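Structure at a glance
Letter by letter, the chains look like this.
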Amino acid sequence: KNEVEQSPQNLTAQEGEFITINCSYSVGISALHWLQQHPGGGIVSLFMLSSGKKKHGRLIATINIQEKHSSLHITASHPRDSAVYICAVRLKGTASKLTFGTGTRLQVTL
Amino acid sequence: EAGVTQFPSHSVIEKGQTVTLRCDPISGHDNLYWYRRVMGKEIKFLLHFVKESKQDESGMPNNRFLAERTGGTYSTLKVQPAELEDSGVYFCASSQDLPSTQYFGPGTRLTVL
């Protein structure tokens, strides 16, 4: 079993819908990252968080350290949000090593 | 400012051959990371450089893989000899400090036939 689990694996939504992608982890962490990869594109870091909540535009990331769970929300989704969203954690006691989830493939249709 | 660049973008080689991947981090970033995504699996950490030193190479699969970062600037990852299971996308990332956001390159897609 992977130390980082994401759900759902695939998600299709209509433009304008509110989207939630979940990430659960089973290890002690010092930080959690949300990353985005567009088809054929590189990986972009969206958020790095260790507690609470962060917001950037229509994206919101939350983390609950006690429950070992994080969510990525997209409000008013748009077709350009179609991408793979990846959760990655930095294990406690490591300076930099990231452990990744398998990603959630999001397709937003008109 | 230029982002992280990787060369080549694609490489197709035969089993037993040697391939060298290159990563140029963002200028001034002391930390450089190599990751790999094998088809259908999650991205996995390979190793981390701080300047020219290997800080953590716990993810390197075996001794067919050799990473270098001479002079603490660009890095190379050599696979010799390549095996079929080495096929995948190799990502490089860099960061200025620890811990901080890692900036990823576009990846090199390696296909071993």
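Computed from a predicted model, the values in this text were never measured in an experiment. (Residues numbered from 1 in each chain as written. Chains lettered and ligands numbered in written order. Predicted model: local features only at pLDDT ≥ 70, side-chain atom pairs only at ≥ 80, totals over all residues. Heavy atoms only, no water.)

Looking only at helices and strands, chain A features zero helices and 11 strands. The secondary structure elements of chain A, listed N-terminal to C-terminal, are β-β-β-β-β-β-β-β-β-β-β. Taken against the 2.2 N^0.38 rule, which gives 13 Å for 110 residues, the C-alpha radius of gyration of chain A at 13 Å falls within 12% of a compact globule. By principal-axis analysis of the C-alpha atoms, chain A measures approximately 45 × 25 × 20 Å. Expressed as a percentage of the 110 residues in chain A, the buried residues total 45%. Contacts in chain A between residues far apart in sequence, at least 24 positions, make up 55% of those at least 6 positions apart. As displayed, chain A has an accessible area near 5,200 Å², and 50% of this comes from carbon and sulfur atoms. (Helix = DSSP H or I, 4+ residues; strand = E, 2+ residues; numbered from the N terminus. Rg over C-alpha atoms; globule rule 2.2 N^0.38 Å. Buried < 20%, exposed > 50% of the residue type's maximum accessible area, 1.4 Å probe, protein only. Contact = heavy atoms within 4.5 Å. Areas by Shrake-Rupley, 256 points an atom, 1.4 Å probe, with all protein chains shown as cover.)

The subject of this paragraph is the state of the cysteines. All names here are of chain A. Counted according to the given criterion, the structure contains two disulfides over all chains. Sulfur-sulfur distance for the disulfide between C23 and C87 comes to 2.0 Å. The chirality of the disulfide connecting C23 with C87 is left-handed, given an S-S dihedral of about -65 degrees. Residue C23 is found in strand β3 (residues 19–25), and its partner C87 is found in strand β9 (residues 83–91); the two are separated by 64 residues along the sequence. A single burial state applies to C23 and to C87, both of which are buried. (Disulfide = S-S within 2.5 Å.)

At the interface, 17 residues of chain A touch 18 residues of chain B. In total, chain A and chain B occlude about 1,500 Å² of area from one another, counting both sides; carbon and sulfur atoms represent 62% of this. The interface formed by chain A and chain B holds zero salt bridges in total. At the boundary of chain A and chain B, one finds three residue pairs in polar contact (both at pLDDT 80 or more). Looking at the side of chain A that touches chain B, its residues break down into seven nonpolar, eight polar and two charged. (Buried area = accessible area lost by both parts, 1.4 Å probe. Salt bridge = Lys/Arg side-chain N within 4 Å of Asp/Glu carboxyl O. Polar contact = N/O pair within 3.5 Å; in protein donor to acceptor, adjacent residues only side chain to side chain. Nonpolar A, V, L, I, M, F, W, Y, C, P; charged D, E, K, R; others polar.)

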